[in-house]
Amino acid sequence: MTATTPREPEAVRVAARLRDDILDGVRPAGSKLVERDLAAELGVSRVPVRDALKTLESEGLVTLRPNTWAVVREFTPSDIADLHEVREGLEALSFRLATQRHTREGLERLRAAVNAELTAAERGDVVAARRAAADFHEIVTDLAGNRLLSEVELVLRSRMRWLFGQHDDVALIARQHAELLEAIALRDTDRVLDLAAEHLEKGRRQQAEHDDAARQSDTR
């Protein structure tokens, strides 16, 4: 008798689809998400759509409105500053612990993410490069081997993945991740922390450049 894999609940699948669309920029900030329209688009009933929107609200990606609709969240400059501050604290700990505690298997997972990111950046696939970049940071947290830290990362994951998507020079970010990988492999904690601080600052600058480019595009 062949074992069957249980199907994911529809609400989980709908949430995953909408989450990807938001993080990849398919549904930009301010987009209206109407239960009836999404149900027709995705071929499901309105109940899983409603549950999916509640999930995405809890992740900080959408804002629910009355009368069965929502909007994709617009992150304010204050929101973004808060995310960068939290990221700075969490990543310093994650990178330090990952450098000290990583296993051979974990390092190979990290290397696979970096290789995927470099390959995507080289062929100009911005979406794939950004996804791999976010995977890199999540794997680093996993390699840190701290259960509470992983729980905090999970709560913030969607917002952090959004933040990691706010850069346009994907090749630069990929190269920085490659440098971090090699320092982690050597268990060079001082080097890793220096690179992580530089990486964070580059991320802030790329965020500002990305926002400036978006504003200029809106005024044309």
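Residues numbered from 1 in each chain as written. Predicted model: local features only at pLDDT ≥ 70, side-chain atom pairs only at ≥ 80, totals over all residues. Heavy atoms only, no water.

Section: the pattern of salt bridges
Going through the model one piece at a time under the given rule, you end up with 25 salt bridges. Notably, a salt bridge pairs R205 with E201, separated by 3.7 Å at the nearest N-O pair. One end of the pair, R205, and the other, E201, are both in helix α9 (residues 189–219), four residues apart, so they sit about a helical turn from each other. The exposure class of R205 is partly exposed, given its relative accessible area of 40%. Judged by its relative accessible area of 35%, E201 falls in the partly exposed class. Within this structure, D135, E138, E153, R157 and R161 form a network of salt bridges that share partners. (Salt bridge = Lys/Arg side-chain N within 4 Å of Asp/Glu carboxyl O. Helix = DSSP H or I, 4+ residues; strand = E, 2+ residues; numbered from the N terminus. Buried < 20%, exposed > 50% of the residue type's maximum accessible area, 1.4 Å probe, protein only.)

Notes on the environment of E57
Tracing the sequence through the fold places E57 in helix α3 (residues 46–58). The spacing of E57 and R19 is 38 residues in sequence and 11 Å in space, taken between C-alpha atoms. If near-sequence neighbours (up to four positions away) are discounted, E57 is found in contact with V62 and L64. (Contact = heavy atoms within 4.5 Å.)

Structural notes on the packing of helix α4 (residues 77–101) against helix α7 (residues 147–164)
As a packed pair, α4 and α7 sit with axes 11 Å apart at the nearest point and diverge in direction by 130°. In terms of orientation, α4 and α7 fall into the oblique class. Considering the relative orientation of α4 and α7, their crossing is left-handed. Two secondary-structure elements touch here, α4 through I80, L83, H84, V86, R87, L90, E91, L93 and S94 and α7 through L149, V152, L156, R159, M160, W162, L163 and F164. In terms of residue class, the contact of α4 with α7 is made up of 12 nonpolar, two polar and three charged. (Axes fitted to C-alpha atoms, helices over the stretch in contact; angles between N-to-C directions. Parallel < 35°, antiparallel > 145°, perpendicular 65-115°, else oblique. Left-handed = near helix turned anticlockwise from the far one by under 90°. Nonpolar A, V, L, I, M, F, W, Y, C, P; charged D, E, K, R; others polar.)

Re the pairing of strand β3 (residues 69–72)
Of the strand pairs in this sheet, strand β1 (residues 32–34) and β3 are connected by three bridges, and their pairing is antiparallel. Considered in β3, the bridge of K32 is made with V71. Direction of pairing for strand β2 (residues 62–65) relative to β3: antiparallel, over a ladder of four bridges. Along β3, the bridge assignment pairs L64 with A70. Counting the residues in the hairpin turn of β2 and β3 gives three residues, including N67, whose phi is positive at 65°. (Pairing = 2+ DSSP bridges.)

Here's the deal with the environment of A116
Turning to its location among the elements, A116 is positioned in helix α5 (residues 104–122). Put simply, A116 and A129 are 13 residues apart on the chain and 7.3 Å apart in space, counted from C-alpha to C-alpha.

Quick look at the side chain of S94
Here S94 lies in helix α4. If we ignore the near neighbours within four places in the chain, the residues touching S94 are V140, T141, A144 and L149.

Concerning the sheet that holds β3
In sheet architecture, strand pairing relies on hydrogen bonds along the backbone and comes in two forms, parallel and antiparallel. Spatial strand order, β1-β3-β2: three strands in an open sheet with antiparallel pairing. The sheet is open, and its two borders are formed by β1 and β2, each paired with just one other strand. Taking the axes of each pair of neighbouring strands and ignoring which way they run, one obtains an average angle of 30° across the sheet.

Comments concerning the packing of aromatic side chains
Using the criterion set out here, one finds two aromatic pairs in the structure. Between the aromatic rings of F75 and W162, the centroid separation amounts to 4.1 Å while the plane-to-plane angle is 25°, which identifies the pairing as stacked. One end of the pair, F75, is in the loop between β3 and α4; the other, W162, is in helix α7, with 87 residues separating them in the sequence. Given the relative accessible area of 13%, F75 is considered buried. Among the residues examined, W162 registers a relative accessible area of 13% and is labelled buried. (Phe/Tyr/Trp six-rings, centres within 6.5 Å; stacked < 30°, edge-to-face > 60°.)

A word on the confidence of the model for the protein chain
Per-residue confidence for the protein chain gives a mean pLDDT of 92, with 92% of residues at or over 70. Within the protein chain, α5 carries the highest mean pLDDT (98), whereas α9 carries the lowest (80). Taken together, the stretch residues 1–5 has pLDDT below 50 and engages in zero contacts with residues farther than four places along the chain or on a different chain. (pLDDT = per-residue confidence, 0-100.)

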